[in-house]
Amino acid sequence: MESQRQQQSEGKNKRVVVIGGGVAGSLVAKSLQFSADVTLIDPKEYFEITWASLRAMVEPSFGERSVINHTDYLVNGRIVASPAINITENEVLTAEGRRVVYDYLVIATGHKDPVPKTRTERLNQYQAENQKIKSARSILIVGGGPTGVELAGEIAVDFPEKKVTLVHKGSRLLEFIGPKAGDKTLDWLISKKVDVKLGQRVNLDSVSEGSDTYLTSTGDTIKADCHFLCTGKPVGSDWLKDTILKDSLDTDGMLMVDENLRVKGQKNIFAIGDITDIR
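The rules we used
- Residues numbered from 1 in each chain as written.
- Predicted model: local features only at pLDDT ≥ 70, side-chain atom pairs only at ≥ 80, totals over all residues.
- Heavy atoms only, no water.
- Helix = DSSP H or I, 4+ residues; strand = E, 2+ residues; numbered from the N terminus.
- Buried < 20%, exposed > 50% of the residue type's maximum accessible area, 1.4 Å probe, protein only.
- Contact = heavy atoms within 4.5 Å.
- Areas by Shrake-Rupley, 256 points an atom, 1.4 Å probe, with all protein chains shown as cover.
- Lys, Arg positive; Asp, Glu negative; His and termini not counted.
- Charge placed at Lys NZ, Arg CZ, Asp CG, Glu CD.
- UniProt positions renumbered as here; feature names shortened; annotations may be inferred.
- Phe/Tyr/Trp six-rings, centres within 6.5 Å; stacked < 30°, edge-to-face > 60°.
- Arc of directions from axis to C-beta.
- Domains from an automatic or database assignment.
- Buried area = accessible area lost by both parts, 1.4 Å probe.
- Salt bridge = Lys/Arg side-chain N within 4 Å of Asp/Glu carboxyl O.
- Polar contact = N/O pair within 3.5 Å; in protein donor to acceptor, adjacent residues only side chain to side chain.
- Nonpolar A, V, L, I, M, F, W, Y, C, P; charged D, E, K, R; others polar.

1. Describing the overall build of the protein
Each helix and strand counted, the protein has eight helices and 16 strands in total. Projected onto its principal axes, the C-alpha positions of the protein cover 70 × 40 × 40 Å. Across the 279 residues that make up the protein, the buried fraction comes to 43%. In the protein, of all internal contacts separated by at least 6 residues, the share reaching a separation of at least 24 is 59%. Of the roughly 15,100 Å² of accessible surface on the protein, 50% is carried by carbon and sulfur atoms. Where the 36 positive side-chain charges of the protein centre and where its 38 negative ones centre are 2 Å apart.

Laid out in structure tokens, this is it:
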């Protein structure tokens, strides 16, 4: 018992820095805040329940519950609202010039998702996206992965009077899972009168400002008052390529970790969430 108390006391003095305030990073920071000296580094001031974000576009008030300031749950730690730009053996350098010393480092930068810095700005963004949907009679969604499919479903259910078109480059929806799920999804969207076009691309760069005409790679013309791009986001690892972890990235930009989520080749640096090479 005495040994356990000593370990807990020693642990409280350990400086743990977590980079990334998404689901993985926020959870580990919250979990460790009373057993270590925790600093969370994140470009934004809030945590967001990402799987609720599309719902907040059609029902902005939903964002009031799904967007939470880091200070609301990290009551015994420090928050640095700035991007991390470099790592040394014992420090993290942020874009605003701060150097944060660590004993243990956890990297949880997931995928790039350019969102506003403050909670208020994020909630205002949802209001703007909702107004964009409400004011449109026809909507084009580009991308038939989880995000595109879910957004099409959210709009079709809440605004059944709107013409929704979904264009996907692949031969089926939700290609990352089995074909049965993709087929069921397609049938459901069609039942909601969503026009699904598979095996086609849309060149958004060729669309002039104010135009409502979109051309697909097969020559189809789509009329839509607005569009939403729902293709995959790049991994948030570009900033690591010039750090001490440059050789720990695989060819896809993922951090290679062992069975304990320790970055390979490192003793006190860990990685969690979408940034790791765990499939």
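2. Regarding the UniProt feature "domain: FAD/NAD(P)-binding" (unreviewed entry) in the protein
The feature "domain: FAD/NAD(P)-binding" (unreviewed entry), as given by UniProt, occupies residues 15–276 in the numbering adopted here. Structurally, residues 15–276 comprises 26% helix and 24% strand, and the distance from its first C-alpha atom to its last is 22 Å.

3. Thoughts on the packing of aromatic side chains
Geometry of an aromatic ring pair is reported as the spacing of the ring centres plus the angle between the planes. Applying the stated criterion across every chain, the model contains one aromatic pair. Aromatic side chains phenylalanine 47 and tyrosine 73 sit 6.4 Å apart centroid to centroid with 75° between the ring planes, which places their arrangement in the edge-to-face category. Remark: tyrosine 73 occurs in helix H5 (residues 70–73) and phenylalanine 47 occurs in strand S3 (residues 46–48); sequence separation between them is 26 residues. Note on phenylalanine 47: relative accessible area 13%, which makes it buried. Judged by relative accessible area, tyrosine 73 falls into the buried class, the value being 13%.

4. Brief notes about helix H2 (residues 23–32)
Burial in H2 covers these residues: Gly25, Ser26 and Ala29. Here the buried residues of H2 occupy an arc of 95° about the axis, which is enough to place them on one side. Exposed positions of H2 whose direction lies more than 90 degrees from the buried face are Leu27 and Ser31. Packing partners of the buried residues in H2 comprise strand S1 (15–19), strand S2 (37–41), S3 and H5.

5. Observations concerning the domain arrangement of the protein
Considered domain by domain, the protein is made up of domain 1 (15–118 + 233–271) and domain 2 (135–229). Its C-alpha centre places domain 1 at a distance of 32 Å from the equivalent point of domain 2. Opposite the five residues of domain 1 that make contact, domain 2 presents eight residues. Between domain 1 and domain 2, roughly 620 Å² of surface is buried when both sides are summed, and carbon and sulfur atoms account for 63% of that area. Put simply, domain 1 and domain 2 have two salt bridges between them. Between glutamate 154 and arginine 55 there is a salt bridge; the shortest N-O distance is 2.5 Å. In this structure, the connection of domain 1 to domain 2 is made through two residue pairs in polar contact (both at pLDDT 80 or more). Partitioning the side of domain 1 that touches domain 2 into residue classes produces four nonpolar, no polar and one charged.

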